[in-house]
Every structure is written in structure tokens, then in C-alpha cells.
Amino acid sequence: MENFQFYSPTEFVFGKDAEMQTGRYIKKYGGTRVLLVYGGGSAVRSGLIARVKKSLAAEGIACTEMGGVKPNPRDDLVYAGIEKCRAEHLDFLLAVGGGSVIDTSKAIAAGVPYPGDFWDFYAGKADIGAALPVGTVLTIAAAGSEGSGDSVITKMEGGLKRGTGSDLLRPRFSIMNPALTCSLPAYQTACGATDIMAHVFERYFTNTTEVEITDRLCEAVLLTMIRETPRVIAQPDLYDARANIMWAGTVAHTNICGVGRAQDWNSHGIEHELSARYDCAHGAGLAVIMPAWMEFVCTHNVMRFAQMAVRVWGCEMDFAQPENTARAGIRCFRQFLHSIGMPINFAELGAKEEDIPKLVETFGIGDGRTGGFVALSADDIAEIYRIAAHAAL
Ligand code: NZQ
Ligand code: ZN
């Protein structure tokens, strides 16, 4: 195991009706004038925004609203939010929604005290030195942004989807009421489940040895997702299954499963080009890319893939030909994704094979290599897109 430092300061407030405490937690973390950020309307329609506003009013907290965040959130609303916060002297960001709303709020939080263009953080030109505090009320188990220091935004000019990270962006608190996720359509539930599993796999496939504790934590999250996802797709209001999935999503991405080990993250980078170009859901893009990446890198460490196959998917170990076991595990993963309604190739996702050169170009690796498990070149990435384009069960 490698040396590590782990800082996860977020206070998680989990359970039924937890959103009624939002005002109390904003007060606890020093907020007095709030920018309330939400998405395309689901939180309004469900009455959640009204309940949250009631809890703010009960604590005497002033609130300005900014709705309309779209999935694969864009820079235009970030600029608008920064302006609003500065003009109205707002001191706290409250995100009510999923990863897109939370990431927009984090970008605004970092942008307000920064004299330059907030995009500098996403372009790798500046580090975040200060940020307004952020709190969240989570409505979808997926991105893990409620417990992470990461934010992913798309710059409309050039269609660049890029991430940044800082412990300063970790939410002060996250309110997590699993009942709020019961209104999710099956497709969004499955996209979220795929993203949660992908966050685990990005950490599971490592070159670091002797990491039994984090291996086992990763496997626990994966086994939970394999059990609970089909249950909530069949019966959306199954509270306890929703609760297990919601906490799995947080555990998958606070990095408690990833400390002390090298991580990869190429599948995420390769996917972000798809969601930037086709505006598909991040989880759906991962369903197409991640098994293709696995097939491409599998021979780098066949025994690690065989371990996944045996421990997670219950495959029989082929001691004479461990690669057979490894590949059987990858097939199980793809079949599972298909069974929960995810796309498994370019056609099902709405992506085009002829765009592969453009996808590789905007990925922006040039002549270099990237990735913590297997360092990939631009040609390797093109090959992964080709495998993904033609994938079949
Ligand atoms: O906009 P509304 O109307 O709210 O609808 C949303 C949206 O259409 C809907 N939804 C959310 N909660 C709902 C609901 N519909 C009914 N009932 C509810 N309770 O779901 C749709 C997707 O929402 P979104 O916020 O986009 O989902 P998600 O949490 O998957 O976030 C995806 C974004 O997070 C980024 C992704 O790249 C993508 O841009 N990521 C962020 C990460 C981070 N900050 O740590 C890590 C991830 O790897 C990921 O890259
Ligand atoms: Zn993700």
C-alpha cells in the first residue's frame, strides 16, 4: 500500500425527510445569503425546492434561485452564477440536484473569489485557492459529487468537457434522502448505477499490490450495486434498496475505496469526449466505454481481472487459462449493463464510428500517454473507441 492523506470533511445527513434540516445546516456552516441552484425542473415538480425554501425561511436565510442546469453542465450558467453571487453578496452555494447541479455550484463557488476566468481551473492553468462553501441536497445516486472535491464542466465553445479538483470544493454538508431518488426514471437510475460501478473500477484496476482492504471495499460496493440496481428498476420505490445504492454512490467516490493505491481514470476521460460531443448521459457513455477499455487492457494484469471475475461476478477460476476467467468477468459486466437497460455500443448510444479521429483529437493527449493502470497512447484510445463501436453481447 502507498502512503496517503485522506481528507473527507463533508457532514452527511442521511435518511427520510432529511431535506427539512437544510436551513439548519446552512446556518451551522456560516451561510446567511444563499444561491439555490437546481436543474431542469424535477426538483420543482416534486415539491422539493418548496420544502427546502421553507426550511431556509425557518432559519431566516435569504435565498436567490438559479434553475435550469442541464446534464453535462455548461459554462454559461457558471458565469451567470458568479455574477449573481458577486452582485448580491451571496455567501453560500446550495445545490439541489445531481452531479450536474453540484458541479455547477462548485464551479461558481471557486469562481466568485477568483479575479480571472473560472475556466482556468478546468484548463489546468490555475489552482483553486479559495471557494465559497457548498452544501448539497442530493436527488440522484450517481456522480458522487456530494462527497468529492471534483467538478466537471463543459465549455460550450469547442465542446470541451473538463474536470478540476480541490479539497476546497468538498461540500460542507450533503443531505441524502433516498426517498428523493424514487422518482428517477429507470434509465437515469441505471446511468447512475453504471457511474458508481465505474468509479470503483477506476480504482480497482491498479498496479499497487497488497491493497486487500480497498480491494474488499471496492468489491462490497460492486456486489451491492449488482444486487440492488435490478431491484429498484423493477420496483422504483423500494426505499431500502435506494438507500443502499445512495450510500454506495458516496462510498464509491469519496476516495475511501481508492486511498493508498494508484488509480487509472482513462475510461472517464475517454467517456467525457462522448458526453461532450453527443450530450449523452455520462453513465450511458461509460457503459459503452468501460468494458471496451477492460478488453483492451486485460492482458496487462490478467490475474487482477480474474479476481474481479471470481469475487464480483462469481465466475469459475480457470487455473490453466486465467485469461478465460478474466474475459468471462468482463462479459458478465457488459451483460449486466445490458440487463439494466444501458447501451453497449456506439449505435445504441447514438455515437458515430467516423467521429473517432475527432474524439481522439479533443481528448488532447497528442504524442503523450495517460493512465495510472495502463498508460495509453492516442492510437490505443482510438482502438478502445473502435472496440466500443462494435461491442456485442
Ligand atoms: O434536471 P432535472 O430536471 O433535475 O433532471 C435530472 C437530469 O435530467 C434528472 N434527475 C435528477 N434527480 C432526479 C431526476 N429526475 C427525477 N427524479 C429525481 N430525483 O436526472 C438527470 C441527470 O442529472 P445529472 O445531475 O446530470 O446526473 P448525475 O448525477 O449523473 O451527474 C452527471 C454529471 O456529473 C459528472 C458527469 O460527467 C456529468 O456531467 N461527474 C461528476 C463527478 C464529480 N463531480 O465528482 C464525477 C463523475 O465521474 C462525473 O464525471
Ligand atoms: Zn463518473
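Residues numbered from 1 in each chain as written. Chains lettered and ligands numbered in written order. Predicted model: local features only at pLDDT ≥ 70, side-chain atom pairs only at ≥ 80, totals over all residues. Heavy atoms only, no water.

Attention shifts here to the domain arrangement of the protein chain. Each domain of the protein chain was delimited in the assignment, giving domain 1 (11-180) and domain 2 (184-389). Summarising the inter-unit geometry, the C-alpha centres of domain 1 and domain 2 are found 27 Å apart. Between domain 1 and domain 2, the residue contacts involve 27 residues of the former and 27 residues of the latter. Summing both sides of the interface, domain 1 and domain 2 together bury roughly 2100 Å²; the carbon and sulfur share of this comes to 61%. The largest contributions to the domain 1 side of the interface with domain 2 come from Ala141, Lys161 and Pro178, which together make up 24% of the buried area. The tally of links between domain 1 and domain 2 comes to two salt bridges. (Domains from an automatic or database assignment. Contact = heavy atoms within 4.5 Å. Buried area = accessible area lost by both parts, 1.4 Å probe. Salt bridge = Lys/Arg side-chain N within 4 Å of Asp/Glu carboxyl O.)

Within a beta sheet, neighbouring strands are joined by backbone hydrogen bonds and run either parallel or antiparallel to one another. Read across the sheet, six strands follow the order 1-8-5-4-2-3 without closing on themselves; strand pairing throughout is parallel. Each edge of the open sheet carries a strand with a single partner, namely strand 1 (11-14) and strand 3 (62-66). Neighbour-to-neighbour, the strand axes of the sheet open up by a mean angle of 20°, direction not taken into account. With four bridges connecting them, strand 5 (residues 134-138) and strand 8 (residues 173-176) associate as parallel partners. The partner of Thr136 across the bridge, within strand 8, is Ser174. Docked against the sheet, helix 4 (residues 75-88) engages strand 2 (33-38), strand 3 and strand 4 (92-97), running at close to 160° with respect to strand 3. (Pairing = 2+ DSSP bridges. Helix = DSSP H or I, 4+ residues; strand = E, 2+ residues; numbered from the N terminus. Axes fitted to C-alpha atoms, helices over the stretch in contact; angles between N-to-C directions.)

A large share of helix 12 (residues 302-311) lies buried, amounting to seven of its ten residues. Where helix 12 is concerned, the buried positions are Val302, Arg304, Phe305, Ala306, Gln307, Met308 and Ala309. Here the buried face of helix 12 lies against helix 7 (186-204), helix 8 (212-234), helix 11 (282-297) and helix 13 (322-339). (Buried < 20%, exposed > 50% of the residue type's maximum accessible area, 1.4 Å probe, protein only.)

Time to look at the packing of helix 7 against helix 8. Between helix 7 and helix 8, the least distance of the axes is 10 Å, while the angle of their chain directions is 170°. It follows from the interaxial angle that helix 7 and helix 8 lie roughly antiparallel. Packed against helix 7, whose contacting residues are Ala186, Thr189, Ala190, Ala193, Ile196, Met197, Val200, Phe201 and Tyr204, the element helix 8 presents Asp215, Cys218, Glu219, Val221, Leu222, Met225, Ile226, Thr229, Val232 and Ile233 at the interface. Considered class by class, the residues forming the contact of helix 7 with helix 8 number 15 nonpolar, two polar and two charged. (Parallel < 35°, antiparallel > 145°, perpendicular 65-115°, else oblique. Nonpolar A, V, L, I, M, F, W, Y, C, P; charged D, E, K, R; others polar.)

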